[in-house]
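# Architecture and fold: a report
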Amino acid sequence: MLVIPGGIVDQPLADAATLAWIACQDAGAALTASVCTGAFILAKCGMLDGLAVTTHWEDIPDLRAAYPGLDVRENVQWVDQGRIVTAAGISAGIGMSLHLVGRVLGEPMARATARQMQYDWAPL
């Protein structure tokens, strides 16, 4: 599993070596996910072409403008496209992470993990 965090992503977006490393890791990953503006990195690597995706609410217009071929969804916590999963902001990334735990280890484990964290989570 490859997880690309977000935040200020100007440096990785401008670094060919970083982008090449991410593309190489994605090629061997069963599942790739991004949190927040990490979606811009996946998009620049061509991993999101033709997919439904999301990012932080504040960055939705920029993602749409930069990558018009994407189906950018707003007002959602995460978008699961099978091998690629994107999350909106930071807390949405926590919810997406629990969703991924559920996909890999089963929903009972995701619920137990959320309970241990005292995180109010329910699968979508």
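Residues numbered from 1 in each chain as written. Predicted model: local features only at pLDDT ≥ 70, side-chain atom pairs only at ≥ 80, totals over all residues. Heavy atoms only, no water.

Looking at the element boundaries, threonine 54 is found in the loop between strand E3 (52-53) and helix H4 (60-66). From its side chain, threonine 54 meets the backbone oxygen of arginine 73 in a polar contact 2.8 Å long. Leaving out residues up to four positions away in the same chain, threonine 54 has contacts with Ala39, Ile60, Arg73, Val76, Gln77, Trp78, Val79, Thr86, Ala87 and Ala88. (Helix = DSSP H or I, 4+ residues; strand = E, 2+ residues; numbered from the N terminus. Polar contact = N/O pair within 3.5 Å; in protein donor to acceptor, adjacent residues only side chain to side chain. Contact = heavy atoms within 4.5 Å.)

A few words now on the sheet that holds strand E5 (residues 78-80). The four strands are arranged E1-E2-E6-E5 in an open sheet whose pairing can be described as mixed. Of all strands in the sheet, those bounded by a partner on one side alone are strand E1 (2-4) and E5. Averaged over neighbouring strand pairs, the angle between their axes works out to 10° when direction is ignored. Where E5 lies against strand E6 (residues 84-87), three bridges are found, and the strand directions are antiparallel. By the bridge assignment, tryptophan 78 is partnered in E6 with alanine 87. Running over the sheet, helix H2 (residues 16-28) touches E1, strand E2 (32-35) and E6 and is turned about 145° from E1. Contacting E2, E5 and E6, helix H5 (residues 90-105) crosses the sheet at an angle of about 155° to E6. (Pairing = 2+ DSSP bridges. Axes fitted to C-alpha atoms, helices over the stretch in contact; angles between N-to-C directions.)

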